[in-house]
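Observations on the model geometry
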Amino acid sequence: MLTPTSKIWHNGQLINWDDAKIHVLSHVVSYGSSVFEGVRCYNTKNGPAIFRSFEHARRLVDSAKIYRIGVNWTAEQLSEAFVELVRVNKLQSCYIRPIVLRGYGNVGVLPTGVPIEVYVACWEWGKYLGAEALEQGVDVCISSWNRLAPNTLPAMSKAGANYMNSQLIRMEADVNGYAEGIALDSNGYVSEGSGENIFVIRDGKIVTPPLGASVLPGITRDSIIQIAKSLGYGVTETLVPREMLYLADEVFFTGTAAEVTPVRSVDRIPVGAGKRGPITEKIQKAFFDIVEGNAPDQFGWLTPVAETVAK
Ligand code: PPE
């Protein structure tokens with residue numbers, strides 16, 4: 001359940017949680033015209049810090065640009081807003097959800113006379129695929145739903161509308177007793193989970209589908225590629241046939257919410273030994289060591305929240 005916090009950022013102002021409401025005839029409600037982000041603030045050893053704040057803000061602006069949604073805030077300003085919001089809500093760790101939407105003013109597909117509203121909310125959010133998932137791994141299936149075909153809904157934009165497809169994938173997996181579904185792209189190659197990117201390991205080599213396979217350019221994906229390379233592993237972005245998942249030694253998901261979650265079976269076929277694999281564990285540990293402040297922030301990924309507090 002969602003636990004309310006004190007404030008939500010709206011177009012540069014801090015408003016009360018309960019006042020962050022929109023009209024039912026807002027453009028976004030009928031037409032799905034929103035883009036959004038998911039960002040995590042970690043309670044590091046040195047105080048709360050936001051993980052890759054600027055990159056998330058930039059992706060929000062990029063997502064909007066694809067849809068001709070003009071955002072009056074730069075990525076730098078939005079990134080600062082994330083920090084300010086976490087600070088005023090006095091949270092140690094949380095999930096931050098920036099949303100840009102076409103609001104209330106006119107009805108019709110062509111969004112003339114419709115204002116653009118920017119909101120940022122945050123709240124405490126636990127483990128995405130269950131508390132056990134990070135250690136035990138999850139059982140997943142290949143979805144009967146494909147990911148967005150190119151030239152339909154642009155996958156590089158994190159748009160609200162894309163998540164109707166994600167919901168189909170996730171709900172189907174859920175009713176069939178799986179933690180998550182993996183969608184193939186419209187050519188039948190592995191794309192991504194409903195809310196995660198995917199990595200596949202065989203013989204010590206790590207592969208992940210390229211952006212051309214209808215995946216979201218995940219910020220955790222990018223971070224894991226950098227971490228894996230720094231640990232000496234080869235990482236290739238290449239097309240992954242479905243059956244590679246069955247033959248893999250290890251498979252894992254990445255995402256802001258899912259973090260680094262091992263996949264222990266696909267379509268009831270065990271992945272490798274059917275539990276978290278050693279390379280996944282190493283990468284996972286390196287990731288959590290950075291975000292929890294137990295290792296130096298060698299890539300410059302953390303923005304401290306408290307440091308900017310006026311004393
Ligand atoms: N693919 C999809 C479709 C996706 O939604 C996410 C994030 C990713 C990949 C990973 O991207 P990144 O977070 O930048 O590493 N999904 C967000 C929404 C989850 C939700 O249920 O809401 C998230 O993880 O925050």
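Look above for the structure.
Now for a look at the structure at hand. (Residues numbered from 1 in each chain as written. Predicted model: local features only at pLDDT ≥ 70, side-chain atom pairs only at ≥ 80, totals over all residues. Heavy atoms only, no water.)

Right, let's talk about empty space enclosed by the protein for a bit. Throughout the structure, instances matching the rule amount to two cavities of 30 Å³ or more. Space inside the largest cavity adds up to approximately 50 Å³. In terms of lining, the largest cavity is formed by Arg40, Tyr42, Phe51, Thr220, Gly255, Thr256, Glu259 and Phe287. A per-class count over the lining of the largest cavity returns three nonpolar, three polar and two charged. Residues lining the lining of the largest cavity come from more than one domain, with at least three contributed by each of domain 1 (7-123) and domain 2 (133-276). Size it by volume and the second largest cavity reaches roughly 40 Å³. Lining the second largest cavity, in full, are Lys127, Tyr128, Leu129, Gly130, Ala133, Leu134, Ala257, Ala258, Glu259 and Thr261. When contributions to the lining of the second largest cavity are tallied by element, the ones reaching two or more residues are α4 (133-136) and β15 (259-266). (1 Å grid on protein atoms, 1.4 Å probe; cavity = no way out; pocket = protein on both sides within 12 Å on 5 of 7 lines; lining within 4 Å. Points joined across faces, edges and corners; volume = space filled by probe spheres on them. Nonpolar A, V, L, I, M, F, W, Y, C, P; charged D, E, K, R; others polar. Domains from an automatic or database assignment. Helix = DSSP H or I, 4+ residues; strand = E, 2+ residues; numbered from the N terminus.)

Moving on: the packing of aromatic side chains. Considering all chains together, one arrives at eleven aromatic pairs under this definition. An angle of 80° between the planes, with centres 5.6 Å apart, marks the rings of Phe51 and Phe287 as edge-to-face. Taken together, the positions of Phe51 in strand β5 (residues 47-51) and Phe287 in helix α8 (residues 278-291) put the pair 236 residues apart, joining distant regions of the chain. Per residue, the accessibility class of Phe51 equals that of Phe287, and both read buried. Between Phe51 and Trp301, the aromatic rings sit 5.6 Å apart at their centres with planes inclined by 80°, giving edge-to-face as the arrangement. (Phe/Tyr/Trp six-rings, centres within 6.5 Å; stacked < 30°, edge-to-face > 60°. Buried < 20%, exposed > 50% of the residue type's maximum accessible area, 1.4 Å probe, protein only.)

Distances and angles like these do not, on their own, reveal function.
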